[in-house]
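# Working through the structure, step by step
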Amino acid sequence: MLWCLILFNFITFQGDLTPSPDKTLWYDIIYKEKTIGSLKATKTHKDAKTTYRTSSTIEFRLIKEFAVNYNYSVDFEAKLLKKAVVNIRINDKSHAKTLTQWHENEYHIEKNGKTEAPLESTINYATILLYFVEPSNVTDCYSEQDGSFNTIIPLGNHGYKKINANGKGNEYYYKQGVLEKAVIDGGLISFEMQLRE
(Lines give C-alpha, C1' and ligand atoms only; values in the text may rest on other atoms or scores of the structure.)
Protein backbone atom coordinates (compact mmCIF):
# COMPACT_ATOMS: atom_id res chain seq x y z
CA MET A 1 0.00 0.00 0.00
CA LEU A 2 2.79 2.39 0.91
CA TRP A 3 4.55 1.70 -2.42
CA CYS A 4 1.33 2.50 -4.31
CA LEU A 5 1.10 5.82 -2.48
CA ILE A 6 4.75 6.68 -3.23
CA LEU A 7 4.31 5.73 -6.90
CA PHE A 8 1.11 7.83 -7.11
CA ASN A 9 2.89 10.85 -5.61
CA PHE A 10 5.84 10.43 -7.97
CA ILE A 11 3.58 10.28 -11.04
CA THR A 12 1.35 13.12 -9.82
CA PHE A 13 4.20 15.53 -9.08
CA GLN A 14 6.49 14.54 -11.93
CA GLY A 15 5.16 17.46 -14.03
CA ASP A 16 6.33 19.94 -11.39
CA LEU A 17 9.82 18.39 -11.32
CA THR A 18 10.35 18.47 -15.07
CA PRO A 19 11.38 21.94 -16.24
CA SER A 20 9.71 23.36 -19.31
CA PRO A 21 12.02 23.73 -22.31
CA ASP A 22 14.26 26.72 -22.92
CA LYS A 23 12.68 29.37 -25.11
CA THR A 24 13.62 32.48 -27.11
CA LEU A 25 11.12 35.09 -28.32
CA TRP A 26 11.83 38.02 -30.66
CA TYR A 27 9.68 41.17 -30.82
CA ASP A 28 9.71 44.11 -33.22
CA ILE A 29 9.24 47.50 -31.56
CA ILE A 30 6.99 49.72 -33.69
CA TYR A 31 6.39 53.47 -33.44
CA LYS A 32 4.13 55.26 -35.93
CA GLU A 33 4.11 52.17 -38.20
CA LYS A 34 7.92 52.11 -38.34
CA THR A 35 10.17 49.51 -36.69
CA ILE A 36 12.49 51.37 -34.33
CA GLY A 37 14.00 48.46 -32.45
CA SER A 38 13.79 44.88 -31.31
CA LEU A 39 13.56 42.91 -28.09
CA LYS A 40 14.92 39.44 -27.37
CA ALA A 41 13.41 37.50 -24.45
CA THR A 42 14.98 34.23 -23.29
CA LYS A 43 14.08 31.61 -20.73
CA THR A 44 16.73 29.07 -19.66
CA HIS A 45 16.97 26.37 -17.01
CA LYS A 46 19.87 25.07 -14.98
CA ASP A 47 19.21 22.69 -12.11
CA ALA A 48 16.35 24.22 -10.07
CA LYS A 49 16.91 27.76 -11.38
CA THR A 50 15.02 29.41 -14.24
CA THR A 51 16.61 32.54 -15.67
CA TYR A 52 14.65 35.03 -17.76
CA ARG A 53 16.48 37.71 -19.74
CA THR A 54 15.40 40.52 -22.01
CA SER A 55 17.57 42.78 -24.07
CA SER A 56 16.27 45.54 -26.29
CA THR A 57 17.43 48.58 -28.17
CA ILE A 58 15.13 51.37 -29.33
CA GLU A 59 16.31 54.21 -31.54
CA PHE A 60 14.11 57.20 -32.35
CA ARG A 61 14.18 60.95 -32.83
CA LEU A 62 12.32 63.51 -30.70
CA ILE A 63 14.07 66.86 -31.24
CA LYS A 64 17.31 64.86 -30.90
CA GLU A 65 18.35 61.24 -31.43
CA PHE A 66 17.69 58.73 -28.63
CA ALA A 67 19.08 55.22 -28.22
CA VAL A 68 17.53 53.35 -25.29
CA ASN A 69 18.90 49.98 -24.11
CA TYR A 70 16.96 47.81 -21.67
CA ASN A 71 18.59 44.76 -20.05
CA TYR A 72 16.81 42.54 -17.53
CA SER A 73 18.09 39.35 -15.88
CA VAL A 74 15.73 37.64 -13.45
CA ASP A 75 16.21 34.35 -11.58
CA PHE A 76 13.43 32.20 -10.14
CA GLU A 77 13.73 29.07 -8.01
CA ALA A 78 10.68 27.01 -6.99
CA LYS A 79 8.47 29.71 -8.55
CA LEU A 80 9.95 32.36 -6.23
CA LEU A 81 11.92 35.37 -7.43
CA LYS A 82 15.48 35.12 -6.12
CA LYS A 83 17.29 37.90 -7.97
CA ALA A 84 16.49 40.61 -10.52
CA VAL A 85 18.96 42.95 -12.18
CA VAL A 86 17.78 45.82 -14.39
CA ASN A 87 20.05 48.15 -16.30
CA ILE A 88 18.62 50.87 -18.56
CA ARG A 89 20.83 53.20 -20.57
CA ILE A 90 19.85 56.22 -22.67
CA ASN A 91 22.42 57.44 -25.19
CA ASP A 92 25.10 55.30 -23.47
CA LYS A 93 24.45 56.92 -20.06
CA SER A 94 22.99 55.04 -17.10
CA HIS A 95 19.31 55.91 -16.64
CA ALA A 96 18.22 53.27 -14.11
CA LYS A 97 19.87 50.41 -12.23
CA THR A 98 17.83 48.26 -9.90
CA LEU A 99 18.84 45.14 -7.97
CA THR A 100 16.32 42.98 -6.12
CA GLN A 101 17.70 40.05 -4.15
CA TRP A 102 16.11 37.51 -1.79
CA HIS A 103 18.03 37.29 1.48
CA GLU A 104 16.84 34.97 4.27
CA ASN A 105 13.18 36.05 4.59
CA GLU A 106 12.98 39.36 2.69
CA TYR A 107 13.98 41.13 -0.50
CA HIS A 108 16.75 43.69 -0.47
CA ILE A 109 16.24 46.36 -3.13
CA GLU A 110 18.80 48.82 -4.41
CA LYS A 111 17.79 51.53 -6.89
CA ASN A 112 20.46 53.67 -8.53
CA GLY A 113 22.88 52.96 -5.68
CA LYS A 114 20.37 53.72 -2.90
CA THR A 115 19.02 51.05 -0.56
CA GLU A 116 15.23 50.88 -0.39
CA ALA A 117 13.12 49.53 2.47
CA PRO A 118 13.17 45.71 2.48
CA LEU A 119 10.17 43.88 1.05
CA GLU A 120 8.88 40.98 3.14
CA SER A 121 6.17 39.55 0.86
CA THR A 122 7.29 36.84 -1.55
CA ILE A 123 7.26 37.46 -5.31
CA ASN A 124 6.08 34.74 -7.68
CA TYR A 125 5.13 36.87 -10.69
CA ALA A 126 7.31 39.67 -12.10
CA THR A 127 7.08 41.86 -15.19
CA ILE A 128 9.51 39.71 -17.19
CA LEU A 129 7.10 36.77 -16.94
CA LEU A 130 4.59 38.72 -19.05
CA TYR A 131 6.47 37.49 -22.14
CA PHE A 132 6.19 33.81 -21.27
CA VAL A 133 3.24 33.29 -18.91
CA GLU A 134 -0.22 34.72 -19.56
CA PRO A 135 -1.34 36.37 -16.28
CA SER A 136 -4.77 34.71 -16.34
CA ASN A 137 -5.05 34.42 -12.53
CA VAL A 138 -2.65 37.20 -11.54
CA THR A 139 -3.81 40.46 -9.93
CA ASP A 140 -0.43 42.10 -9.38
CA CYS A 141 3.14 41.72 -10.54
CA TYR A 142 6.48 42.95 -9.31
CA SER A 143 8.23 45.64 -11.35
CA GLU A 144 11.92 44.77 -11.41
CA GLN A 145 12.68 48.29 -12.65
CA ASP A 146 10.75 50.23 -9.99
CA GLY A 147 10.94 47.81 -7.07
CA SER A 148 7.19 48.09 -6.62
CA PHE A 149 4.03 46.15 -7.40
CA ASN A 150 1.85 46.83 -10.46
CA THR A 151 -1.84 46.00 -10.80
CA ILE A 152 -3.04 43.65 -13.55
CA ILE A 153 -6.59 44.03 -14.86
CA PRO A 154 -8.10 41.49 -17.30
CA LEU A 155 -9.52 43.10 -20.46
CA GLY A 156 -11.12 39.92 -21.84
CA ASN A 157 -10.19 37.87 -24.90
CA HIS A 158 -6.67 37.14 -23.50
CA GLY A 159 -5.89 40.85 -23.03
CA TYR A 160 -4.59 42.49 -19.83
CA LYS A 161 -3.72 45.96 -18.63
CA LYS A 162 -0.79 46.48 -16.25
CA ILE A 163 -0.94 49.72 -14.27
CA ASN A 164 2.24 50.94 -12.58
CA ALA A 165 2.67 52.96 -9.37
CA ASN A 166 2.40 56.23 -11.38
CA GLY A 167 -0.95 55.22 -12.90
CA LYS A 168 0.48 54.58 -16.39
CA GLY A 169 -0.87 51.53 -18.17
CA ASN A 170 0.49 49.04 -20.69
CA GLU A 171 -1.64 46.49 -22.52
CA TYR A 172 -0.68 42.86 -23.23
CA TYR A 173 -2.38 40.42 -25.62
CA TYR A 174 -1.76 36.66 -25.69
CA LYS A 175 -2.11 33.74 -28.07
CA GLN A 176 -1.72 30.20 -26.71
CA GLY A 177 -0.25 31.60 -23.48
CA VAL A 178 2.57 33.57 -25.14
CA LEU A 179 2.68 37.36 -25.47
CA GLU A 180 1.78 38.24 -29.06
CA LYS A 181 1.39 42.02 -28.87
CA ALA A 182 1.88 44.80 -26.33
CA VAL A 183 1.06 48.51 -26.29
CA ILE A 184 3.64 50.26 -24.11
CA ASP A 185 3.71 53.74 -22.56
CA GLY A 186 7.48 54.22 -22.63
CA GLY A 187 7.54 57.70 -21.08
CA LEU A 188 9.15 59.59 -23.94
CA ILE A 189 7.04 57.74 -26.53
CA SER A 190 4.33 55.09 -26.69
CA PHE A 191 5.01 52.13 -28.96
CA GLU A 192 3.84 48.63 -29.85
CA MET A 193 5.69 45.35 -29.58
CA GLN A 194 4.80 42.59 -32.03
CA LEU A 195 5.96 38.96 -31.80
CA ARG A 196 7.90 37.88 -34.88
CA GLU A 197 6.55 34.87 -36.77
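For the structure itself, look to the data block above.
Throughout what follows, the structure given in this document is the object of discussion. Remember, predicted model here, so these are calculated numbers, not experimental data.

A few words now on the environment of R53. Here R53 is to be found in strand 3 (residues 49–62). For the pair R53 and S73, spaced 20 residues apart in the sequence, the C-alpha separation amounts to 4.5 Å. In this structure R53 touches K40, A41, T42, Y72, S73 and I128, once residues within four positions along its chain are discounted. Within the local environment of R53, its side chain forms a polar contact with the side chain of S73, the two groups lying 3.5 Å apart.

Let's shift gears to the environment of Y27. Assignment of secondary structure puts Y27 in strand 1 (residues 23–31). Counting along the chain gives 170 residues from Y27 to E197, while the straight-line C-alpha distance between them is 9.2 Å. Sequence-distant contacts of Y27, that is, excluding residues within four places in its chain, are made with G37, S38, L39, Y131, V178, L179, E180, M193, Q194, L195 and R196. Polar contacts involving the side chain of Y27 include one to the main-chain carbonyl oxygen of L179, which spans 2.8 Å.

This brings us to the nonpolar core. Grouped together as the largest cluster of nonpolar side chains are 46 residues, with contacts concentrated most on Y27, L81, Y131, F191 and M193. The contact partners of M193, leaving out residues within four places of it in the chain, are Y27, D28, I29, L39, Y131, E180, K181, A182 and I184.

Right, let's get into a positive patch on the surface. Together, K46, K49, R53 and K83 line one region of the surface with positive charge. Its place among the elements puts K49 in strand 3.

With respect to the helices and strands, the residue Q145 is situated in the loop between strand 9 (140–143) and strand 10 (148–156). A sequence separation of 46 residues divides Q145 from L99, and the C-alpha atoms of the two residues are 8.4 Å apart.

Another aspect to go through is the packing of aromatic side chains. Inspection of the entire model under this criterion finds seven aromatic pairs. Ring centres of Y27 and Y131 lie 5.5 Å apart, and the angle between their planes is 55°; on these two criteria the pair is classed as tilted. Of the two residues, Y27 sits in strand 1 while Y131 sits in the loop between strand 8 (114–115) and strand 9, which places them 104 residues apart along the sequence. Each ring, one from W102 and one from Y107, has its centre 4.7 Å from the other, and the planes form 65°; the classification is edge-to-face.

Scanning the model with the defined rule gives two salt bridges in all. Its salt-bridge partner being D28, residue R196 comes within 2.8 Å of it at the nearest N-O pair. A residue pair is termed long-range when its members are at least 10 positions apart, and R196 in the segment after strand 14 (190–195) and D28 in strand 1 qualify at 168 residues. Taking the shortest distance from any N to any O, the salt bridge between R61 and E65 comes out at 3.3 Å. For R61, a relative accessible area of 53% gives the class exposed.

The rules behind these values
- Residues numbered from 1 in each chain as written.
- Predicted model: local features only at pLDDT ≥ 70, side-chain atom pairs only at ≥ 80, totals over all residues.
- Heavy atoms only, no water.
- Helix = DSSP H or I, 4+ residues; strand = E, 2+ residues; numbered from the N terminus.
- Contact = heavy atoms within 4.5 Å.
- Polar contact = N/O pair within 3.5 Å; in protein donor to acceptor, adjacent residues only side chain to side chain.
- Core = buried A, V, L, I, M, F, W, Y, C linked by side-chain atoms within 4.5 Å.
- Buried < 20%, exposed > 50% of the residue type's maximum accessible area, 1.4 Å probe, protein only.
- Patch = residues over 30% accessible without salt bridge, like charges linked within 9 Å, V, L, I, M, F, W, Y side chains within 5 Å.
- Areas by Shrake-Rupley, 256 points an atom, 1.4 Å probe, with all protein chains shown as cover.
- Salt bridge = Lys/Arg side-chain N within 4 Å of Asp/Glu carboxyl O.
- Lys, Arg positive; Asp, Glu negative; His and termini not counted.
- Charge placed at Lys NZ, Arg CZ, Asp CG, Glu CD.
- Phe/Tyr/Trp six-rings, centres within 6.5 Å; stacked < 30°, edge-to-face > 60°.

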